[in-house]
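# Results of the structural survey
Here is how the chains run, residue by residue.
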Amino acid sequence: QVHLVESGGGLVQPGGSLKLSCAASGSTSSINIMAWYRQAPGKERELVATITTGGNTNYADSMEGRFTISRDNAKNTVYLEMNSLKPEDTAVYYCNARRVITPFASVNYWGQGTQVTVSS
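Along each chain, numbering runs from 1 in the same order as the chain's sequence is written. Local features in this predicted model are restricted to residues whose pLDDT is 70 or higher, and side-chain atom pairs enter the listing and the counts only when it is 80 or higher, whereas totals over whole chains, interfaces and linings include all residues. Only hydrogens and water are removed before side-chain values are computed, so all heavy atoms of the structure are retained for them.

### Description of the pattern of salt bridges
- Salt bridges are identified by distance alone: a Lys or Arg side-chain nitrogen within 4 Å of an Asp or Glu carboxyl oxygen. Evaluated as defined, the whole model comprises three salt bridges.
- A salt bridge links Arg 38 to Asp 89, with the nearest nitrogen and oxygen atoms 2.9 Å apart. Here Asp 89 lies in the loop between β8 (77–82) and β9 (91–102) and Arg 38 lies in strand β4 (residues 33–39), a separation of 51 residues in the sequence. For the residue pair Arg 38 and Asp 89, the accessibility class agrees, reading buried in each case.
- Several salt bridges share partner residues, and in doing so they unite Arg 38, Glu 46, Arg 66 and Asp 89 into one network. Here a strand is any run of E in DSSP of at least two residues, a helix any run of H or I of at least four, and the numbering for each starts at the N terminus. Relative accessibility under 20% of the residue-type maximum defines a buried residue, over 50% an exposed one, and the middle range a partly exposed one, all with a 1.4 Å probe and only protein chains included.

Now the structure itself:
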């Protein structure tokens, strides 16, 4: 079992920045990949970025290079730096931890989410 706790969300004006944190606890050694997702009101949850245990990262094209995912293995924490925020970035941001079992199956753990609101 993996427990994830997000923090760092809040209200920010367009063009501003936020840094989200996700602290992992429990069976953290079983995690293969960490990710950030987001879900805006009335929309499906979408992938924002991923990071492997080795530090390799991938980003959704829609992030336009504005977001950066990173991790601190000593603290079992993953971060999401968000810059040049737009109103359309408003969403609940979720931390995800994945344990890959087969190429077609995995176990996913989710945090409770943290609200990011971009508005003037």
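Following the structure, the description resumes.
### As for the environment of Gln 1
- One can find Gln 1 in the segment before β1 (2–7).
- Considered as a pair, Gln 1 and Ser 27 are 26 residues apart in the sequence and their alpha carbons are 5.6 Å apart.
- Once residues within four sequence positions are removed from consideration, Gln 1 is found in contact with Ser 25, Gly 26, Ser 27 and Tyr 109. Note on contacts: a residue pair is in contact if any heavy atoms of the two residues lie within 4.5 Å.

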